[in-house]
Amino acid sequence: MSTVIRARGLGKKYRQRWALQDCELELPAGRVIGLVGPNGAGKSTLLNLAAGLLAPSSGSIEVCGGPPAADVAQLARVGFVAQDTPTYGRLSVADHLTLGRRLNPGWDDAVARERIDRLGLDPKQRAGTLSGGQRAQLALTMALAKRPELLILDEPVASLDPLARREFMQLLMEAVAEQELSVVLSSHLVSDVERACDYLVVLVDSRVQVAGDLDELIATHHRLVGARRDPATLPGSQQVISASHTDRQTTLLVRTQEPILDPSWSVDGINLEDLVLAYMDKSAPVVRRPRLEVQR
Ligand code: ADP
C-alpha cells in the first residue's frame, strides 16, 4: 500500500493556540478519504499544510512522497480546491481553461473541455455570474484537468444547495472512477462522507481521534447495552470510546477486533454518524462544542 499523505508529530499554532497538534497520519493512496469534524476542529489547517499553503509549527508532512509544494513537480502532483471553491469573477469559463493550460504542465485540455461541455457551462460566461454550484463545478474541473495524483477538497459543498451538492459529488465520483486519483475531502456533514468516502479521519479539537478504512471501522465498533456497570471492568481487548449511564443501565460504544461473547450485553452495530459522534464525545465529554451537522 503506498501512502499519499504522511504526517509525523504535525502541529500548527496560531499565536498561543494550537489549531492542529500531534497529528500522526498515514493515508493510503487511491482512496477517497473523508476528513470530518465540527467547525474549528482544524480540518482546513491540516489541508492547507498538505497543500503547502501553511508551514508546520512542529513535526513534518509529506505529500505524494515529498514535502508539499517544494518544486514544480510537487505542485503538479496536487490539486487543491480551497473552501468556497474560489474562481476569478471577471474571467470567463474559457479564460479559466486558458489560464489552467498555461500554468500547469500536465494540463489535460480535452478533459477540461469535455467536462465543461457535459456540465452545460457557457465558455463565454464570466465566472462571477455563474451560480454557486456552477462555480464549484468549474473549480473542480480546473483541479481535475491538472491530472493530479492527489486532489484536496476543503469543504467543497458546504455552501451549496442539496441539488448542487449532489451534482458536485457526482462529478467527483465520476472523475475518481475515470482517473487514478487519491482524494481527501473535508466536511462537517457526515452525509457527504458517507456517500463518497471509503476511508475516514475524524478530527476534533485539533487532534485526530481516529483514522481508518470506513468499512473496517464500522465492523469493529459496537454498541453494548446492559445492566449498569463500570466500563473499567471490560476486557482489555475492548476499548471504550464513549459511555453513558442511567441509574440501572449502561450504554457503551466499544472498539474491538474480537467477538463480544459476554451474554450480559445486548450488542448492536453502529452507523457512521454514531461512530463520529462517539469520537467527538470521547475527546471532551463535558465541554459543549459546535454541533456536527447530520444532514440527509
Ligand atoms: P476547520 O476547518 O475544522 O473549521 P480550522 O482549521 O479553520 O478548522 O481552524 C482551527 C482553529 O484554528 C480554529 O480555532 C480557528 O479559529 C483557528 N484558526 C484558523 N486559522 C487561523 C488564523 N489564520 N489565525 C488564527 N487562528 C486561526
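You'll find the chain entered in an unreviewed UniProt entry as ABC transporter ATP-binding protein, with Streptomyces mesophilus given as the organism.

J.: Any chance you could explain the nonpolar core here in plain terms?
T.: Side chains of a nonpolar character, in soluble globular proteins, are inclined to be buried together. In this structure, Leu151 and Leu200 are the most contacted members of the largest nonpolar core, which totals 40 residues. Taken domain by domain, this core gets at least three of its residues from each of domain 1 (3-214) and domain 2 (220-280). Look past the residues within four positions of Leu200 in its chain and what remains in contact with it is Gly34, Val36, Val193, Val210, Ala211, Gly212, Leu214, Leu217, Leu272, Leu275 and Val276. Core analysis: the second largest hydrophobic core is formed by 26 residues, Cys23, Leu27, Leu46 and Leu47 among them.

J.: Help me understand the UniProt feature "domain: ABC transporter" (unreviewed entry) in the chain in this model?
T.: The feature "domain: ABC transporter" (unreviewed entry), as annotated in UniProt, sits at residues 5-230 in this numbering. Within residues 5-230, the helical portion is 36% and the strand portion 30%, while the C-alpha atoms at the span's ends are 39 Å from each other.

J.: Could you clarify how one ought to interpret the sheet that holds strand β12 (residues 249-255) in this entry?
T.: Pairing between the strands of a sheet comes from backbone hydrogen bonds, and it takes one of two forms, parallel or antiparallel. On the basis of which strands lie adjacent, the open sheet formed by 4 strands has the order β11-β12-β10-β13 and antiparallel pairing. Each of the sheet's edge strands pairs with one partner strand only, and the pair in question is β11 (239-245) and β13 (266-268). Mean inter-strand twist for the sheet, computed between neighbouring axes without regard to direction, equals 20 degrees. Where strand β10 (residues 221-227) and β12 come together, 7 bridges link them in antiparallel fashion. When the sheet's bridge partners are listed, Arg223 is paired in β12 with Leu253.

Reading the values: the criteria
Per-chain numbering applies: the sequence of each chain, read as written, is numbered from 1 onward. Totals for whole chains, interfaces and linings use every residue, but because this is a predicted model, local features are given only for residues with pLDDT of at least 70 and side-chain atom pairs only at 80 or more, for both listing and counting. Side-chain figures throughout are based on the complete set of non-hydrogen atoms in the structure, without hydrogens or water. Only buried residues count toward a nonpolar core, which is a set of Ala, Val, Leu, Ile, Met, Phe, Trp, Tyr and Cys residues joined through side-chain atoms within 4.5 Å. Throughout, exposure labels follow a simple rule: accessible area from a 1.4 Å probe, protein chains only, divided by the maximum for the residue type, with under 20% read as buried, over 50% as exposed, and the rest as partly exposed. A domain assignment, automatic or from a database, supplies the domain bounds used here. The contact criterion used is simple: two residues touch if any of their non-hydrogen atoms lie within 4.5 Å. UniProt positions are given in the numbering used here, feature names are shortened, and annotations may be inferred rather than shown by experiment. By definition, any uninterrupted DSSP run of H or I lasting at least four residues is a helix, any uninterrupted run of E lasting at least two residues is a strand, and each is numbered from the N terminus. If DSSP finds at least two bridges between two strands, the strands pair. Between the N-to-C directions of two axes lies an angle of 0 to 180 degrees, each axis being a line fitted to C-alpha atoms and, for a helix, fitted only over the stretch in contact.

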